[in-house]
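Examining the three-dimensional arrangement
Chain residues, written in single-letter form:
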Amino acid sequence: MKALRRFTVRAQLPDRLSPLAELSVNLRWSWHSPTQDLFESIDPELWVSSERDPVRLLGEVGPDRLRELATDDRFVARLAELTDELHEYLRRPLWFQRELEAGQDLPAGIAYFSMEFGVSEVLPNYSGGLGILAGDHLKAASDLGLPLIGVGLLYRSGYFRQSLTADGWQAERYPSLDPQGLPLRLLTDDGGTAVLVHVAMPGDRVLRARVWIAQVGRIPLLLLDSDIADNDPELRGVTDRLYGGDQDHRVKQEILAGVGGVRAVRAYTTIHNLPAPSVFHMNEGHAGFLGLERIRELLADNSNGLDFDSALTAVRASTVFTTHTPVPAGIDRFPADLVRHYFGDGSAQSSLLPGIALDRILELGREQDPSVFNMAHMGLRSAQRANGVSKLHGIVSRGMFEALWPGFDAGEVPIGSVTNGVHAPTWASRRWIELADDTMEEAEGWERLGDVPEQELWRIRGDLRAELVDEVRRRVKASALERGSTEAELGWTADVFDPNVLTVGFARRVPTYKRLTLMLRQPDRLRAMLLDPERPVQLVVAGKSHPADDGGKALIQQIVRFADEADVRHRIVFLPDYDMSMARYLYWGCDVWLNNPLRPLEACGTSGMKSALNGGLNLSIRDGWWDEMYDGENGWAIPTADGVVDEHRRDDLEAAALYELLEKSVLPKFYDRNAEGLPARWVEMVRHTLQRTGPKVLASRMVRDYTTGYYGPASRAGVAATADGFAGAKALAEYRSRIDSAWPSLRVLEVDSSGLPDTPVLGSELTLTAHVDLAGLAPGDVVVQAVLGKADSDENLSGVVTVPMAHSGQGPEGEAVFDVDTTLPMSGNVGYTVRVLPHHPSLAGDAELGRVAAP
Ligand SMILES: *Cc1c(COP(=O)(O)O)cnc(C)c1O
């Protein structure tokens, strides 16, 4: 018989064990191995069979065992110790509190919005890198003491679970999750009633959502859930799946995350008596509607005297937008008509955002084609500060969004970068963490690994590889059974992989640009490497394809078919259902982490960082993080065929370079052993990676970078905008409107140079004078710059130096005159021009408004 409905009943804990409840629902346990050990000691077998999920374990453990533990004084004492330790962790002053103490002006609160969060496999609310990054962000924010609140959706089925059919095709399952069985609690008001967030839908309907709270150490993560009886069946399904459904479904999810998300934050901070967040961070554009809701809030309060523009100005000041993809198809875009449908005309009392005119909304997401609404553009227009996720991705993003700042060179586009990081206590094996005295979230812990003897480094690497081999065997067997083999046919799976063979890992989602099958470009060459009698390599591959992407599924099938062949199946495996629980073994145990994206389409990439934290050496195209952190000793850079336009030829060349590196450099280093049987050069690279690369890839470094470079400035700008009855926001909005109306008539009338000798040399003096018709603006409203640089034959300037010019008086027609004395900063073909930009102390930079005038 099948159950109509399934739910989890939590065990009644004896009094002396009651603290287990808190330890099991605060997800801190997921990066605190002593707490994991405590749960394991309750019942080691059940711990494994319940997939190391404390809530599940406590639900399944028998009452006899619980009674027994309640009388076990050692267990009870250990429980008390760990509970005290957790309370101490939740309370003690950390980095953020020390910064405040030292006088830093930092935000009172930060709301961090993301469509997915991968905190732990027990809360499968993520699809891949973006979500896991968000999870790591929360954990590092907790470890650093940031007053941050995470905001997202709780999906009934999360992302899909992957298995393989007999012929190697990806099959998807969507097991539904029971919130009762997850480490969640409901947001309730003082009377204990569940808070419901309301969002108006067209046709006088209302989408309601309850709000679950996952406690991630010190950080509350609010997850909105529409699966409640108060909703009609269609609206109930809004939070059914992550990245499933059509555009209409998707826009409803994003409205709930953005608009509903702000409402959930308001309810949470009011109930818990916390300050309202002074910074809102959009992790990718999906929650971009949050800015509109904040504008609505400001307009609804008539006492502010704000209009749309000044409200937008105030909201922008305190908003940060992070873009995560340089792949245009990865950008979220909706038909403008869909946005029209949901946002209506803003007039009716029942509309989604009363008081906001539709054309203002459409304007924020506008792109070249007016029928399209672009969520990334909306993010950039509604946040005063924006960034990409590695240095290279910063450069690529400035080029990609250049059109939003017409007249500026890509290099001046105001999009910065914060390179992603990974949460070491989550991703580094406890073998390393224990060696470094548990200080892995700090650079010093990693630096200490420089002193570990080489035998010990090599022994740990071997142990981790052996653990991976066991896990590979277990999973290969399970997958073969699922694909229809019988137990009797599966003897071979016991000998899959060898704990002494160089192990290469490749695991990631399967979009085309990641080139899953590049390694198969020359199948015979790969086969020869796998089967080499002296120096073989073994390869573990994993990854999910988006359910709608048959192209990706065909790539998986190609790998699976190759790995199914009897002569190589002990050396190459495809493991289905890549998720955090599998990923961990791969990062721990692989000697080499392979990544071969089509440069520069990998924004950052974080799996290689996790491998590096375990002494894995990266073998990667110089893309994303590897472009800035490859240092010659922490792995290998696969040469790229950048200029080659034909993609097949490019793949051929890059695959050949990959084989060559493996054959000539990677394998010899691994198999060359010294008198003690150690691969000395390899171990030195492992040591270097742990010691030097480790500290740079930490999520704590990333969150500090966000705090000092983005959250702090955004919070200060937001406070300045709202102080004195929003005087700052009103002044900047008024300024912006003056710039908008004056700019079309602003003219650089004339530029004169003087003082240059007949044969100018480097350092020669030059006086520039510019006459500018400011079209009614004051000289202080603008900055006039002399721009000098190398000029090519088309007069394009490059490598420019800009020098501000001083207002020196009025010309004959009443125009403003600006001049400057400067020296020639370079030799060769030099050119100059003059340009005018808006200038206001509340702007984050002179390029912000995307206005520039030149002769
Ligand atoms: C880290 C991680 C990712 C992201 O890896 P990329 O290198 O960014 O592709 C995806 N899935 C899982 C399970 C991960 O742990």
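What you see is a predicted model; the values in this text were computed from it and never measured.

Details of the overall build of the chain
Within the chain, the regular secondary structure consists of 28 helices and 26 strands. Taking 2.2 N^0.38 as the reference for a compact globule, 855 residues should give roughly 29 Å; the C-alpha atoms of the chain span a radius of gyration of 29 Å, in line with that estimate. By its C-alpha atoms, the chain is 95 × 70 × 50 Å across when sized along the principal axes. Of the contacts formed within the chain by residues at least 6 apart in sequence, a portion of 72% connects residues at least 24 apart. Surface accessibility of the chain: about 33,900 Å² in total, with carbon and sulfur atoms responsible for 50%. Within the chain, one finds 88 positive and 121 negative side-chain charges whose respective centroids are separated by 4 Å.

A closer look at the domain arrangement of the chain
Parsing the chain into structural domains produces domain 1 (15-91), domain 2 (95-162 + 171-420 + 706-723), domain 3 (453-697) and domain 4 (746-838). Summarising the inter-unit geometry, the C-alpha centres of domain 2 and domain 4 are found 43 Å apart.

A few points about the pattern of salt bridges
Scanning the model with the defined rule gives 62 salt bridges in all. We note a salt bridge from Asp651 to Arg521, for which the minimum N-O separation is 3.9 Å. Residue Asp651 is found in helix α26 (residues 647-671), and its partner Arg521 is found in the loop between β15 (502-507) and α21 (523-531); the two are separated by 130 residues along the sequence. A relative accessible area of 30% means that Arg521 is categorised as partly exposed. Taken together, the salt bridges that share partners define one network made up of Arg515, Arg521, Arg599, Arg622, Asp627, Asp642, Arg650, Asp651, Asp652 and Glu654.

Description of the side chain of Arg650
Summarising the element assignment, Arg650 is placed in helix α26. With sequence-adjacent residues up to four places away left out, Arg650 is seen in contact with Leu598, Arg599, Ala641, Asp642 and Val644.

Description of the packing of aromatic side chains
The relation between two aromatic rings is expressed through the spacing of the ring centres and the mutual angle of the planes. Evaluated as defined, the whole model comprises 18 aromatic pairs. The interplanar angle of 45° and the centroid separation of 5.0 Å between the aromatic rings of Phe289 and Phe343 together place this pair among those described as tilted. With a gap of 54 residues between them, Phe289 in the loop between β9 (279-283) and α11 (290-300) and Phe343 in helix α13 (residues 336-343) connect regions that are remote in the sequence. What makes Phe289 buried here is its relative accessible area of 0%.

Points about the state of the cysteines
Tallying each qualifying case throughout the model produces 0 disulfides. Unpaired in this structure, Cys590 has its nearest cysteine sulfur neighbour in Cys604, at a distance of 19 Å. We classify Cys590 as buried; its relative accessible area is 0%.

Quick notes on the UniProt feature "domain: DUF3417" (unreviewed entry) in the chain
As annotated in UniProt, the feature "domain: DUF3417" (unreviewed entry) corresponds to residues 13-123 in the numbering used here. With 58% helix and 4% strand, residues 13-123 has its two end C-alpha atoms placed 23 Å apart.

Quick word on the side chain of Thr426
For Thr426, the location among the structural elements is in helix α17 (residues 424-427). For Thr426, a relative accessible area of 5% puts it in the buried group. A polar atom in the side chain of Thr426 sits 3.0 Å from the side chain of Lys139. A distance of 2.6 Å separates the side chain of Thr426 from the side chain of His423, its partner in a polar contact. Discounting residues that sit within four places of it in the chain, Thr426 has contacts with Trp31, Lys139, Met580 and Arg584.

A word on the sheet that holds strand β19 (residues 617-621)
What links the strands of a sheet is backbone hydrogen bonding, and the strands pair in either a parallel or an antiparallel sense. The strand order β17-β16-β15-β18-β19-β20 describes an open sheet built from 6 strands, whose pairing is parallel. Edge strands, defined here as strands with exactly one partner in the open sheet, are β17 (572-575) and β20 (635-638). In this sheet, adjacent strand axes meet at a mean angle of 20° when their direction is disregarded. Pairing of strand β18 (residues 592-595) with β19, which is carried by 4 bridges, proceeds in the parallel orientation. Counted as the bridge partner of Val592 is Leu617 from β19.

Some thoughts on the UniProt feature "modified residue: N6-(pyridoxal phosphate)lysine" (unreviewed entry) in the chain
Mapped onto the present numbering, the UniProt feature "modified residue: N6-(pyridoxal phosphate)lysine" (unreviewed entry) falls on Lys610. The residue Lys610 is located in helix α24 (residues 607-612) in this model. Not counting residues up to four positions away in its chain, the partners in contact with Lys610 are Ile132, Val422, Trp427 and Tyr587.

With respect to the sheet that holds strand β25 (residues 816-823)
Strand order in the open sheet formed by 6 strands is β21-β22-β25-β24-β23-β26, with antiparallel pairing between adjacent strands. Either end of the sheet is taken by a strand with one partner, and the two such strands are β21 (747-754) and β26 (830-838). For this sheet the average axis-to-axis angle between neighbouring strands, irrespective of direction, equals 30°. Sheet topology places strand β23 (residues 782-791) next to strand β24 (residues 797-810); 7 bridges connect them, and they run antiparallel.

As for the site of the ligand
Within the structure, the ligand sits among 15 residues, and Lys514, Tyr587, Thr606, Ser607 and Lys610 are positioned closest to it. At 3.0 Å, a side-chain N or O of Tyr587 approaches an oxygen atom of the ligand. Taking 390 Å² as the accessible area of the ligand by itself, protein coverage stands at 94%. Mapped by element, the contributors of at least two residues to the shell around the ligand are α8 (129-144), α23 (580-589) and α24. Counting residues per element, the shell around the ligand draws most heavily on α23, at 3 residues. In terms of residue class, the shell around the ligand is built from 6 nonpolar, 5 polar and 4 charged. Looking at which domains feed residues into the shell around the ligand, each of domain 2 (95-162 + 171-420 + 706-723) and domain 3 (453-697) gives three or more.

Some remarks on helix α28 (residues 699-742)
Between its first and last C-alpha atoms α28 spans 45 Å; for 44 residues at 1.5 Å apiece the expected length is 64 Å, and the helix comes up short by more than 12%. Remark: the principal bend of α28, roughly 130°, maps to Asp724.

Thoughts on the nonpolar core
By size, the foremost hydrophobic cluster in this structure holds 157 residues, and its most contacted members are Leu20, Leu146, Leu619 and Trp682. Ranked by residues supplied to this core, first place goes to α26 with 10 residues. Beyond its immediate stretch of four places on either side in the chain, Leu20 contacts Leu13, Leu38, Phe39, Ile42, Leu58, Phe75 and Leu79.

Considering the pairing of β23
Counting buried positions along β23 gives 9 out of 10 residues, so the element sits mostly inside the fold. Taken together, the 9 bridges between β23 and β26 define a ladder with antiparallel strand orientation. If you follow Leu788 over to β26, its bridge partner there is Tyr832. Hairpin remark: β23 followed by β24, antiparallel, with 5 residues in the connecting loop; positive phi at Glu795, about 65°.

Re the packing of helix α2 (residues 33-42) against helix α6 (residues 73-91)
The relative placement of two packed helices is expressed as an angle between their axes plus a distance between the axes. At a minimum axis distance of 11 Å, the contact between α2 and α6 shows a crossing angle of 155°. Between α2 and α6, the crossing angle belongs to the class labelled roughly antiparallel. Of the two possible hands of crossing, α2 and α6 adopt the one that is left-handed. The segment α2 lies against α6, with Pro34, Thr35, Leu38, Ser41 and Ile42 engaging Phe75, Arg78, Leu79 and Leu82. By residue class, the composition of the contact of α2 with α6 is 6 nonpolar, 2 polar and 1 charged.

Calculation notes
- Residues numbered from 1 in each chain as written.
- Predicted model: local features only at pLDDT ≥ 70, side-chain atom pairs only at ≥ 80, totals over all residues.
- Heavy atoms only, no water.
- Helix = DSSP H or I, 4+ residues; strand = E, 2+ residues; numbered from the N terminus.
- Rg over C-alpha atoms; globule rule 2.2 N^0.38 Å.
- Contact = heavy atoms within 4.5 Å.
- Areas by Shrake-Rupley, 256 points an atom, 1.4 Å probe, with all protein chains shown as cover.
- Lys, Arg positive; Asp, Glu negative; His and termini not counted.
- Charge placed at Lys NZ, Arg CZ, Asp CG, Glu CD.
- Domains from an automatic or database assignment.
- Salt bridge = Lys/Arg side-chain N within 4 Å of Asp/Glu carboxyl O.
- Buried < 20%, exposed > 50% of the residue type's maximum accessible area, 1.4 Å probe, protein only.
- Phe/Tyr/Trp six-rings, centres within 6.5 Å; stacked < 30°, edge-to-face > 60°.
- Disulfide = S-S within 2.5 Å.
- UniProt positions renumbered as here; feature names shortened; annotations may be inferred.
- Polar contact = N/O pair within 3.5 Å; in protein donor to acceptor, adjacent residues only side chain to side chain.
- Pairing = 2+ DSSP bridges.
- Axes fitted to C-alpha atoms, helices over the stretch in contact; angles between N-to-C directions.
- Near = heavy atom within 4 Å.
- Nonpolar A, V, L, I, M, F, W, Y, C, P; charged D, E, K, R; others polar.
- Expected span 1.5 Å × (residues − 1).
- Bend = angle between axes of the 7 residues up to and from the residue.
- Core = buried A, V, L, I, M, F, W, Y, C linked by side-chain atoms within 4.5 Å.
- Parallel < 35°, antiparallel > 145°, perpendicular 65-115°, else oblique.
- Left-handed = near helix turned anticlockwise from the far one by under 90°.

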